[in-house]
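Chain by chain, the residues run as shown.
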Protein chains: 2
Amino acid sequence: MKVRVLGSAAGGGLPQWNCGCRNCLAVRRGDPRIRARTEESVAISTDGERWFVLNAAPEIRAQIESFPPLQPREARHSPIEAIFLTNGDLDHCLGLLSLRESQRLSVYATESVRRGFVDDNVLYRTLERFPGQVTWRALVPDERVALRNADGDDSGLTVLPVAVPGKLPVHLERLHAETPGDNVGLSIRDENTGRTLAYFPGVASATASVKRALADADCVFFDGTFWSNDELVILGLGTKRAVDMAHWPLGGSDGSLRLLAEIPRARRVLIHVNNTNPILYEDSDEARFVRESGVEIAWDGMEFEV
Amino acid sequence: MKVRVLGSAAGGGLPQWNCGCRNCLAVRRGDPRIRARTEESVAISTDGERWFVLNAAPEIRAQIESFPPLQPREARHSPIEAIFLTNGDLDHCLGLLSLRESQRLSVYATESVRRGFVDDNVLYRTLERFPGQVTWRALVPDERVALRNADGDDSGLTVLPVAVPGKLPVHLERLHAETPGDNVGLSIRDENTGRTLAYFPGVASATASVKRALADADCVFFDGTFWSNDELVILGLGTKRAVDMAHWPLGGSDGSLRLLAEIPRARRVLIHVNNTNPILYEDSDEARFVRESGVEIAWDGMEFEV
C-alpha cells in the first residue's frame, strides 16, 4: 500500500492565520528546523493509479497540485476514487466544497458524520447539481467493508471503522446528540498483501477496540495534536485544555506515547499536529524524545509503503 | 492606496482540481508562459498596516502566508480590519470558514449576500462561538459608507456599492429570490487622496451605474472570467455559456474589452480569470490583444499603488 501525506497539521495549519506563537513565527522567518504544514489529509493506493483520500482538508486543491498522481489524466477527470471522513470537523470536511465543478464524488462516512455535513448546510447544494453527484457510502463502527472504486469495482482494500472517544465538531455542539459514530479511526487492510494501516488522527483516550486496531497494524497514524494538556493555556493562546478538545496529549506519564510504545512492531507516525506543539520544532527536547521513542512526525509530502 | 492581488483566478483556481485543459496542463508541466493562480481576492490599505480584503477565497490561509503584512503581530492578532463580499459565490465566501479560531471578524456585505451565507448554514456556527465574533456591516447599493477599522474607527476610505447584473450562487439557485444586492461592484475612494478603485470581478453586462463607477475610477479591476461565450462548450468541458453563468466575455465585437477601451485614463486589470481563458497563456493571441489594448491581467502577488 502506497501512502502519501498531503497535510499533517491540525485545524488551522502551520502557520495558523491569526497566530504569532513561536512555531508560527519560526516558519514565517524561514527557520530550517520547522516546516510549514497544511491541514491533515493522507492519500493511499494499492497501484499508484487509483487513490483514496483520508479527510478533505480546506486546502485540498493545493494538496492535489502538490502530488501529480492525484491530478486528472483527461479533460475532466480525477484519480480520487473516494474520500473518507473520520469525523465532522471543518478541517476534515470543508475541502469537499472545493471538489465541485460537477465532478462525481464518493464519500465514505458514518451516518452521523454524513448528517452533520449535509443537514442544514445550504452550501452543500453545490454538490447536488445533478442526481448522484455525491455517492455516500456508509461506515458503521465494527463492520468491515470492502472499499469500492468510483466505478463500483472492488479496490482490493477493506476498512474496519473503529469508534473513538471524541467530541462533536464545534459547529454541532449543543445541536446534535452524540453518537459512537461521531469519531472513528480506520483500520485499512490490503487484502492482497495482508498489510494494515491504522488511521487514528483524533483520539481522546484508548478503548479496547482502539488498542486492538493499533496492535493489528503494520503502520499507525496517530493523534499528535498536543504535547501537553495545558499547552494553549501556558502559551496564553486559549483557555481550553487538550482534553476539553478531545485530544489525548502525547507527553507525560499518562501520555499517548506510552501507548504507542506498546506497539513497537508498527511504523508509528504522529499526524494532526497543532501549530503550538513543540514537537514540530526539530531541535526541541520534545521532538528528540519522540524520535528516540521510535515514533515519526508526519510532514506534508512524506511518502512510504506499508 | 496600496493594492495587493492575493488571488486572480475564477472559482476552481488554476489548475482546477479535476481539469486537464491546455492551461491546466501547461501549469502542471511548469511552462514558464503561464502562472498558477489561487481564487480571486485583493487586499487594500492606505497605510500598509491595516488591510481590507475583498472576497474570502477558499485558500485564504495560503494567501495570508504569501503576504507578510497580513500576518499577525501578536500571539493572537490579524491586521485584516474587514472583509468584503461582492456576492455569495463559494469562491468568494468559503474562506470565511477558515478564519475561525475565535478571532473577531468584520464583514461588509449586502443583506442578501449575508443571508445567503448565514441562513441554513450549520457550518457558520463555527464563527458564532462567542457573541459578537462576527460583526456584519451592511452594504446597500448606491449608498456610500465610511469604512471602519475593526475597532470601529474611520479608516479614511469610503465605499459605494454598485448593483451589478449577475445571478445567484449555484447553491442558492431556485431557493432564494433574486435581488439587486445579490451582486455588487465596489467603488472604493481614499478620502485623503481622492483616488478611487473600482472592484468589479463579476459583471454580466454594463448598466449606467456600472459605467459611471468605471469612468470615475483611477484603477479598475474587472471581470476577466471568459474570453468567449462558448469557451467551455468548444473545449468540451461544459454545456454552459459565459452568459449562462452571468459573465460577460472579453473578446469579440460586443465584448467587455470594448467597454474598458472607453476608460483609458484608469489602470485596468482583469481578474477572476477562469482556468480555461486563453489570456492566461502569455504567448496567446488573446493575451497579446489584451496587452495591446493597454489592459493588464492580474496575477497572484501583483502589487501597486492607486
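Note: the structure precedes this text.
Anyway, here's the lowdown on the structure attached to this text. (Residues numbered from 1 in each chain as written. Chains lettered and ligands numbered in written order. Predicted model: local features only at pLDDT ≥ 70, side-chain atom pairs only at ≥ 80, totals over all residues. Heavy atoms only, no water.)

### Points about the overall build of chain A
Point 1. If you tally the helices and strands in chain A, you get eight helices and 14 strands.
Point 2. Against the globule reference of 19 Å for 306 residues, chain A gives a C-alpha radius of gyration of 18 Å, in line with a compact fold.
Point 3. In terms of its C-alpha atoms, chain A occupies a principal-axis envelope of roughly 50 × 40 × 40 Å.
Point 4. In chain A, which comprises 306 residues, the share counted as buried stands at 60%.
Point 5. Sequence separation of 24 or more characterises 67% of the internal contacts of chain A that already satisfy a separation of 6 or more.
Point 6. When the accessible surface of chain A is totalled, it reaches about 11,300 Å², and 47% of it is carbon and sulfur.
Point 7. Put simply, chain A has 35 plus and 43 minus side-chain charges, and the middle of one group is 2 Å from the middle of the other. (Helix = DSSP H or I, 4+ residues; strand = E, 2+ residues; numbered from the N terminus. Rg over C-alpha atoms; globule rule 2.2 N^0.38 Å. Buried < 20%, exposed > 50% of the residue type's maximum accessible area, 1.4 Å probe, protein only. Contact = heavy atoms within 4.5 Å. Areas by Shrake-Rupley, 256 points an atom, 1.4 Å probe, with all protein chains shown as cover. Lys, Arg positive; Asp, Glu negative; His and termini not counted. Charge placed at Lys NZ, Arg CZ, Asp CG, Glu CD.)

### Some details on the interface of chain B and chain A
Point 1. At the interface, 56 residues of chain B touch 56 residues of chain A.
Point 2. Across the chain B to chain A interface the summed buried area is about 4,900 Å²; carbon plus sulfur atoms make up 54%.
Point 3. Across the chain B-chain A interface, the total number found is six salt bridges.
Point 4. Counting every contact that joins chain B to chain A gives 22 residue pairs in polar contact (both at pLDDT 80 or more).
Point 5. Among the secondary structure elements, those contributing two or more residues to the side of chain B that touches chain A are helix 2 (60–65), helix 3 (90–93) and helix 4 (111–118) of chain B. (Buried area = accessible area lost by both parts, 1.4 Å probe. Salt bridge = Lys/Arg side-chain N within 4 Å of Asp/Glu carboxyl O. Polar contact = N/O pair within 3.5 Å; in protein donor to acceptor, adjacent residues only side chain to side chain.)

### Some remarks on the relation of the copies chain B and chain A
Point 1. Rotating chain B by 180° about the axis while translating it 0.0 Å along that axis superimposes it on chain A, leaving an RMSD of 0.0 Å. Such values leave the two copies arranged in the relation of a two-fold axis. Closest approach to the rotation axis among the C-alpha atoms of chain B is made by Asn 121 of chain B, whose C-alpha sits 2.2 Å away.
Point 2. Here 100% of the contact residues of chain B are again contact residues in chain A; the copies associate through an equivalent surface. (Least-squares fit on C-alpha atoms with pLDDT ≥ 70 in both.)

### Observations concerning the pattern of salt bridges
Between side chains of opposite charge, pairing is possible as soon as their charged atoms come close.
Point 1. For the coordinates displayed, the defined rule picks out 42 salt bridges over all chains.
Point 2. In this structure, Lys 2 of chain B engages Glu 305 of chain B in a salt bridge whose closest nitrogen and oxygen atoms are separated by 3.0 Å. Taken together, the residues span a long stretch of sequence, with Lys 2 of chain B in strand 1 (residues 2–7) and Glu 305 of chain B in strand 14 (residues 303–305) at a distance of 303 residues.
Point 3. Taken together, the shared-partner salt bridges connect Arg 29, Asp 31, Arg 33 and Asp 283 of chain A into one network.

### Here's the deal with the environment of Asp 223 of chain B
All names here are of chain B.
Point 1. Tracing the chain through its elements places Asp 223 in strand 11 (residues 219–223).
Point 2. According to the relative accessible area criterion, Asp 223 is buried, its value standing at 0%.
Point 3. It is 5.7 Å that separates the C-alpha atoms of Asp 223 and Ile 271, two residues lying 48 residues apart in sequence.
Point 4. A polar contact is formed between the side chain of Asp 223 and the side chain of Thr 225, at a distance of 2.5 Å.

### A few points about the sheet that holds strand 6 (residues 134–139) of chain B
Residues and elements named next belong to chain B.
Point 1. If you walk across this open sheet you meet the seven strands as 6-5-4-3-2-1-14, and the pairing is mixed. Strands with a single pairing partner mark the edges of an open sheet, and in this sheet they are strand 6 and strand 14. Within this sheet the neighbouring strands show an average axis-to-axis angle of 25°, counted without direction.
Point 2. With two bridges connecting them, strand 4 (residues 80–84) and strand 5 (residues 105–110) associate as parallel partners. Within strand 5, the residue paired with Phe 84 across the bridge is Tyr 108.
Point 3. Across the sheet, helix 4 touches strand 5 and strand 6, and the angle it forms with strand 5 is around 120°. (Pairing = 2+ DSSP bridges. Axes fitted to C-alpha atoms, helices over the stretch in contact; angles between N-to-C directions.)

### Some thoughts on helix 4 (residues 111–118) of chain A
Residues and elements named next belong to chain A.
Point 1. For helix 4, the set of buried residues is Val 113, Gly 116, Phe 117 and Val 118.
Point 2. Buried residues along helix 4 sit against helix 3 (90–93), strand 5 (105–109) and strand 6 (134–138).
Point 3. Asp 120 occupies a position one or two residues after helix 4 and carries a positive phi of about 55°.

### Things to note about the layout of surface pockets
Point 1. Roughly 950 Å³ of internal volume is contained in the largest pocket.
Point 2. Around the largest pocket sit 41 residues that line it, and Val 170, Lys 240 and Met 245 of chain A together with Glu 101 and Arg 129 of chain B are the ones nearest its centre.
Point 3. Considering only enclosed or pocket space, the second largest pocket measures out at about 770 Å³ in volume.
Point 4. Across the lining of the second largest pocket, the residue classes tally to 13 nonpolar, 15 polar and nine charged. (1 Å grid on protein atoms, 1.4 Å probe; cavity = no way out; pocket = protein on both sides within 12 Å on 5 of 7 lines; lining within 4 Å. Points joined across faces, edges and corners; volume = space filled by probe spheres on them. Nonpolar A, V, L, I, M, F, W, Y, C, P; charged D, E, K, R; others polar.)

### A few points about unusual backbone geometry
Point 1. Omega for the bond connecting Leu 14 of chain A with Pro 15 of chain A falls within 30 degrees of zero, at -5°, which places this linkage in the cis form.
Point 2. Its location among the elements puts Pro 15 of chain A in the loop between strand 1 (2–7) and helix 1 (22–28).
Point 3. One non-glycine residue, Asp 142 of chain B, adopts positive backbone phi at about 70°.
Point 4. Tracing the backbone through its elements, the reader meets Asp 142 of chain B in the loop between strand 6 and strand 7 (145–148).
Point 5. The backbone of Ala 246 of chain B sits at a positive phi, close to 65°, despite the residue not being glycine.
Point 6. Among the structural elements, Ala 246 of chain B can be located in the loop between helix 6 (231–234) and helix 7 (256–260).
Point 7. Under the relative-accessibility criterion, Ala 246 of chain B is labelled buried at 10%.

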